[in-house]
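# Observations on the model geometry
What follows is the residue order along each chain.
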Amino acid sequence: MGRYALRYGVLAYLSMLLVVPVGMIAYRTFQHGVSPVWDALSSDSATSAIKLSLLIAAIAVPINVVFGIATGWLLARRKMPVPWLVNAIINLPFAMSPVIIGLAVFQLYGRTGWIGQYLFDHQIPVLFTWKAMVIATVFISLPFVVREVVPVLEEIGTDQEQAAEVLGATALQGFFRVTLPAIRWAVVYGTILTVARALGEYGAVNLVSSNIVGQGLTLPLYVDNRVNQLDPTSAYSAGLLLAVISLIILVGMTTLSGRRHRTAEETTA
Amino acid sequence: MLYLSLLVGLPVAALISLSADSTAWSAVYHDAHTRTVLEFTFAVSLAVAVLNSITGVALAWVLVRDDFPGKRIVNALIDLPFALPTIVAGLVLLTLYGPTKPVGLNVAGTRVGVLFALLFVSLPFVVRAVQPVLLTLEREVEDAAACLGAKQWTIFWRIILPAIRPAALTGATLAFARVMGEFGSVVLISGNIPRTEIASQVIFNDVENGAPAQAAVVGIILLGTALVVFVLLGLLMRRWTRHG
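As a starting point, this report considers the structure included with it. (Residues numbered from 1 in each chain as written. Chains lettered and ligands numbered in written order. Predicted model: local features only at pLDDT ≥ 70, side-chain atom pairs only at ≥ 80, totals over all residues. Heavy atoms only, no water.)

## Some thoughts on the overall build of chain A
Regarding its fold elements, chain A presents 14 helices and zero strands. Taking the principal axes of its C-alpha atoms as reference, chain A extends roughly 70 × 65 × 35 Å. Expressed as a percentage of contacts within chain A between residues at least 6 apart in sequence, the contacts between residues at least 24 apart total 73%. Split by element, the accessible area of chain A, about 13,300 Å² in all, is 64% carbon and sulfur. Across chain A, the 17 positively charged side chains and the 14 negatively charged ones have centroids separated by 3 Å. (Helix = DSSP H or I, 4+ residues; strand = E, 2+ residues; numbered from the N terminus. Contact = heavy atoms within 4.5 Å. Areas by Shrake-Rupley, 256 points an atom, 1.4 Å probe, with all protein chains shown as cover. Lys, Arg positive; Asp, Glu negative; His and termini not counted. Charge placed at Lys NZ, Arg CZ, Asp CG, Glu CD.)

What follows is the structure in structure tokens.
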């Protein structure tokens, strides 16, 4: 009796908070058919938002993956001067509000900022362009790859790497042939999370964007803009597009974590 | 290291130096609106943390100990708030609990609406913290207690709760910190009404109104609070591991 009450209570809470709202947005988007949705997504302002989101992700994600692996490797394998400080810095983007991160970037690259002053003197526009949005996105999605890679590196230990070294592999060979294959699922998992965050970020990029329609709006900013301009069809279409992307990411994450656990069991067995 | 300090250190240093301005501090201190907003932010974050501890433990319990068709899908759904962009979360809640009232409830522009949005985005923290602990919990102890005549509630309070308490508290603290700085999911549902604003919106508005120093001060207050909460959590954890 109690078990069923708890089960259905919990499921009701979940559906009230998650399932029904997300289903509702799909219904709202398609309530007048598919063609208005297609029109809304292929409008100039929408395609520009899609392109900007993809551009930012295409730059920010590879940066964070490469530096994430490098930082993770340094943290797990080399003695860092002040490890707790490095750890704190890496986790900082998770502890900070996106708006505060946006403000920090805004201040640094603004007209009076330490870097901004130089940029303005040399007439290199960064703030309110896609460049500042890339910087904010890199900042906000920094921790994902590092946090996935470090525990795996610590768990697998250095035996295989040492064996490769003894057998005459160079450091680079050892890394690409031994270390990287061992951490590949962690890297993929971290990358997916980075992509999700980069595409979905709103608060941080909002502060450093020009917010000009058709130029400075990413998809999330475009959703907000359309709601405020009372253009629900476009808002729902863009919102649903983002929701579909995150559902795909969710499915990817779930399948992947199953596979990772299996691989982990095989290696320890 | 150089990369890290350039990317993270410099902006944060810029933020701190921006907030090192006594006029901005006194402006924030004397601004009644900012103070109300900060009070509301802390109160609602605390409420979210408490509510999440209850629902999160219940969810984790059902996912670990109960069995029903579709459990794996429900389990995957828990992560949805992390995968869904915050602005879409806001849009979703606005659609269902907004002015069009498909379920006869309009909380847009109210503090309840803000609470809904914050519960939505912070749902996974406690569940994901408690779940692994519940999985490793040994059933024998509970069975032994039951054999000795303990009622279900006694078992929960005396055996299960002490075991999952550190994990639940960690999850709740993470939720608290996340929610205190939340922005994207509340902008749509709070509807630009001063009464429903939370701290991030004040920061945003201060920047838009050309008062970045005040925005930085509010930001530092938020960061400082998060820091204090995490230090308290660390101290509490240390005490618990020492005693248990």
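## Focus: the overall build of chain B
The secondary structure content of chain B amounts to 13 helices and zero strands. Beginning at the N terminus, the succession of helices and strands in chain B can be written as α-α-α-α-α-α-α-α-α-α-α-α-α. Summarising its shape, the C-alpha atoms of chain B cover approximately 65 × 50 × 35 Å along the three principal directions. The burial tally for chain B puts 52% of its 244 residues in the buried class. (Buried < 20%, exposed > 50% of the residue type's maximum accessible area, 1.4 Å probe, protein only.)

## Concerning the pattern of salt bridges
Residue and element names in this part refer to chain B. One pass over the full model with this rule turns up seven salt bridges over all chains. The closest approach of N and O atoms between Arg65 and Glu142, which form a salt bridge, is 3.0 Å. With Arg65 in helix H3 (residues 32–65) and Glu142 in helix H9 (residues 139–147), this residue pair connects regions lying 77 residues apart in the sequence. When its relative accessible area of 12% is taken as the criterion, Arg65 is described as buried. In this structure, the salt-bridge partner of Asp79 is Arg128, at a minimum N-O distance of 3.2 Å. Separated by 49 residues along the polypeptide, Asp79 in the loop between helix H4 (71–77) and helix H5 (80–83) and Arg128 in helix H8 (residues 124–136) bring together distant segments of the chain. On the basis of relative accessibility, which here comes to 25%, the residue Arg128 falls in the partly exposed class. (Salt bridge = Lys/Arg side-chain N within 4 Å of Asp/Glu carboxyl O.)

## Quick look at the interface of chain A and chain B
Chain A puts 62 residues into the contact, and the matching count from chain B is 63 residues. Of the roughly 5,700 Å² buried between chain A and chain B, counting both surfaces, carbon and sulfur atoms make up 83%. For the interface between chain A and chain B, the tally reads one salt bridge. Asp66 of chain B is paired through a salt bridge with Arg7 of chain A; the nearest N and O atoms lie 2.7 Å apart. At the junction of chain A and chain B, the tally comes to six residue pairs in polar contact (both at pLDDT 80 or more). Broken down by element, the residue count for the side of chain A that touches chain B peaks at 17 residues, all from helix H1 (residues 2–30) of chain A. (Buried area = accessible area lost by both parts, 1.4 Å probe. Polar contact = N/O pair within 3.5 Å; in protein donor to acceptor, adjacent residues only side chain to side chain.)

## Re unusual backbone geometry
Residue and element names in this part refer to chain A. Even without being a glycine, Asn211 presents a positive backbone phi close to 60 degrees. Looking at the secondary structure, you find Asn211 in the loop between helix H12 (203–208) and helix H13 (219–228). With relative accessibility at 30%, the residue Asn211 sits in the partly exposed group.

## Considerations on helix H6 (residues 86–97) of chain B
All names here are of chain B. Taking 1.5 Å as the rise per residue, H6 with 12 residues should run 16 Å; its terminal C-alpha atoms sit 16 Å apart, in good agreement. Taking burial as the measure, the 12 residues of H6 include 12 buried ones, the bulk of the element. Turning to H6, its buried residues number three or more, namely Thr86, Ile87, Val88, Ala89, Gly90, Leu91, Val92, Leu93, Leu94, Thr95, Leu96 and Tyr97. (Expected span 1.5 Å × (residues − 1).)

## A look at the nonpolar core
Nonpolar side chains tend to gather and get buried jointly when the protein is soluble and globular. If you look at the biggest cluster of nonpolar residues, it comprises 150 residues, and the most contacted ones within it are Leu103 of chain A together with Val130 of chain B. Broken down by element, this core gets its largest block of residues, 13 residues, from H3 of chain B. Leaving out residues up to four positions away in the same chain, Leu103 of chain A has contacts with Leu207 of chain A together with Leu15, Leu18, Ile203, Val207, Pro212, Ala215 and Ala216 of chain B. Ranked by size, the runner-up nonpolar core spans 14 residues in total, among them Val65, Val149, Ala186 and Ala198 of chain A. (Core = buried A, V, L, I, M, F, W, Y, C linked by side-chain atoms within 4.5 Å.)

## Quick word on the environment of Val57 of chain B
All names here are of chain B. For Val57, the location among the structural elements is in helix H3. Spatially, the C-alpha atoms of Val57 and Ser45 are 18 Å apart, while their sequence positions differ by 12 residues. Non-local contacts of Val57, meaning those with residues more than four positions away in its chain, are made with Asn52, Val126, Val130, Phe156, Ile164 and Ala168.

## Quick look at the packing of aromatic side chains
This structure, assessed with the given rule, holds 11 aromatic pairs over all chains. Between the aromatic rings of Trp153 of chain B and Trp157 of chain B, the centroid separation amounts to 6.3 Å while the plane-to-plane angle is 25 degrees, which identifies the pairing as stacked. Remark: Trp157 of chain B and Trp153 of chain B occur in helix H10 (residues 152–180); sequence separation between them is four residues, near one turn of the helix. Here Trp157 of chain B falls in the exposed class, since its relative accessible area comes to 52%. Clustering of aromatic rings is evident, with ring pairs tying together Tyr202 of chain A together with Phe183 and Phe204 of chain B. Across the ring face of Tyr29 of chain B, the terminal group of Arg35 of chain B is positioned such that the distance to the ring centre comes to 4.9 Å. (Phe/Tyr/Trp six-rings, centres within 6.5 Å; stacked < 30°, edge-to-face > 60°. Lys NZ or Arg CZ within 6 Å of the ring centre and 35° of its normal.)

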